[in-house]
Amino acid sequence: MAAGYTGPLFDAHLHYNDEAWDGKAGPHPPADVLARMKASQVRGILANSRPNAGSLALAGLPQMREAGITVVPFVRLYRNRADYSTWFADETIHTMVLDELARGTPAGPYRGIGEFHLYDSANANGPVAQKLMALAEQRSLVVLAHVDDVAIDLLMAHTPSQGRSMQLIWAHTGIGGAPVERVDALMARYPGLLGELSYRPGLVCENDQLCPAWSALLLKYPDRFVIGSDTWVNQRWQYYESLMQGYRTWLGGLPPDVAQKVAWGNAARLFGLPARGPSGP
């Protein structure tokens, strides 16, 4: 079996939701999550939280900077769980996003919008979904979207470039299990589409290595995939280190240059961080 990847990781799908820490209490206070990131050699995170206060807390944490962990903050569209099912047609969400973008974060400007969910792909045509996709491209913001393959096409159609210039991270690269051939076709159609690989059905086979079709796809598009923890429930924080180790295991089965890109380099390039990863503790 190949040795695991040992370099830095960029967690491109991290939530610090209020059930983990509400600013005063919770099972995963900042010191806890920081320790887990350090133990896993995670040196960059895409922070998006319900509500946005969680991401702001991480962005303002001096210990994150001292540990050499870069926080890339996104505006999440959810003030509460009810927003998951209505955001695409809720003008107050559009207003909230504009207000957050104007306010910024302790780590600098917001760099993207999301994660958002569409449980019915037709809701990609909702008025607020259309506005936010156009806004994201116009302001060079990256989108993190938990949607199916049909919704990818619909969302991209609402951008000024029809998706040709849009940077979109596809959460789970289709959690419903879009066939590899369909993922391949979407990658070819949209140059700024990146696939995030948490929870992806059919990704890993024997010996905790990538299944052959997915290994081939990552080799075909070595610049287009990223990894993430998706700490959407507290259990994911409890097993954070093992989640990251799981990635290291199958990354070790890829050529070293490809493994480094998927683990760190692709997300780093997207957000202007050093391509080879940080040095230090």
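The paragraphs below set out a description of the structure included in this document. This one's a predicted model, so the numbers in the text were calculated from it and none came from an experiment.

At a minimum axis distance of 11 Å, the contact between helix α6 (residues 149–157) and helix α7 (residues 180–189) shows a crossing angle of 15 degrees. Between α6 and α7, the crossing angle belongs to the class labelled roughly parallel. Both α6 and α7 take part in a crossing whose hand is left-handed. Across the interface between the two elements, D149, V150, I152 and D153 from α6 touch R182, L186 and R189 from α7. Within the contact of α6 with α7, the residues separate by chemical class into 3 nonpolar, no polar and 4 charged.

This paragraph deals with the pattern of salt bridges. Applying the stated rule across the entire model yields 15 salt bridges. Notably, a salt bridge pairs R50 with E19, separated by 3.0 Å at the nearest N-O pair. Of this pair, R50 sits in the loop between β2 (42–47) and α2 (53–59) while E19 is found in the loop between β1 (9–14) and α1 (30–39), placing the two residues 31 residues apart along the sequence. When its relative accessible area of 4% is taken as the criterion, R50 is described as buried. Two residues, R79 and D83, come together in a salt bridge whose shortest N-O distance is 2.9 Å.

It is the rolling of a water-molecule-sized probe over the atoms that shows where space remains empty. When its volume is computed, the largest pocket comes out at roughly 240 Å³. Among the elements that make up the lining of the largest pocket, the one with the highest residue count is helix α10 (residues 240–251) (5 residues). Class assignment of the residues belonging to the lining of the largest pocket gives a composition of 7 nonpolar, 6 polar and 3 charged. The space that makes up the second largest pocket amounts to roughly 150 Å³. For the second largest pocket, the lining is made up of 14 residues, of which E115, H117, H146, D230 and W232 are closest to its centre. For the lining of the second largest pocket, a count of residues per class yields 5 nonpolar, 5 polar and 4 charged.

Buried residues dominate strand β4 (residues 112–117), accounting for 6 of its 6 residues. Strand direction decides the pairing type here: strand β3 (residues 70–75) and β4, joined by 2 bridges, are parallel. Its bridge partner lying in β4, F74 is registered against G112. Strand direction decides the pairing type here: β4 and strand β5 (residues 142–146), joined by 5 bridges, are parallel. Paired with I113 across the strands is V143, a residue of β5. In this fold, the crossover linking β4 to β5 by way of helix α5 (residues 127–138) has right-handed handedness.

As a further point, take the pairing of strand β7 (residues 193–196). Here β7 shows a buried face lined by L193 and G195 and a second buried face lined by L194 and E196. The pairing of strand β6 (residues 168–170) with β7 spans 3 bridges and is parallel. Directly across from W170, in β7, lies its bridge partner G195. Here β7 runs beside strand β8 (residues 225–226); their pairing, made up of 2 bridges, is parallel. Within β8, the residue paired with G195 across the bridge is F225. Where the polypeptide runs from β7 across helix α8 (residues 212–220) and back to β8, its parallel neighbour, the crossover connection is right-handed.

Moving on to the sheet that holds β1. The sheet built from 8 strands is open, its strands ordered β1-β2-β3-β4-β5-β6-β7-β8 with parallel pairing. Either end of the sheet is taken by a strand with one partner, and the two such strands are β1 and β8. The strands touched by α10 within the sheet are β1, β2 and β7, with β1 carrying the most contacts at an inclination of about 125 degrees.

Evaluation of the coordinates by the stated rule reveals 1 disulfide. The disulfide bridge from C205 ends at C211, spanning 1.9 Å between sulfur atoms. With the S-S bond torsion at 100 degrees, the cross-link from C205 to C211 turns out right-handed.

Here is what the cut-offs are and how they apply
Residues numbered from 1 in each chain as written. Predicted model: local features only at pLDDT ≥ 70, side-chain atom pairs only at ≥ 80, totals over all residues. Heavy atoms only, no water. Axes fitted to C-alpha atoms, helices over the stretch in contact; angles between N-to-C directions. Helix = DSSP H or I, 4+ residues; strand = E, 2+ residues; numbered from the N terminus. Parallel < 35°, antiparallel > 145°, perpendicular 65-115°, else oblique. Left-handed = near helix turned anticlockwise from the far one by under 90°. Contact = heavy atoms within 4.5 Å. Nonpolar A, V, L, I, M, F, W, Y, C, P; charged D, E, K, R; others polar. Salt bridge = Lys/Arg side-chain N within 4 Å of Asp/Glu carboxyl O. Buried < 20%, exposed > 50% of the residue type's maximum accessible area, 1.4 Å probe, protein only. 1 Å grid on protein atoms, 1.4 Å probe; cavity = no way out; pocket = protein on both sides within 12 Å on 5 of 7 lines; lining within 4 Å. Points joined across faces, edges and corners; volume = space filled by probe spheres on them. Pairing = 2+ DSSP bridges. Right-handed = clockwise from strand over helix to strand, strands pointing away. Disulfide = S-S within 2.5 Å.

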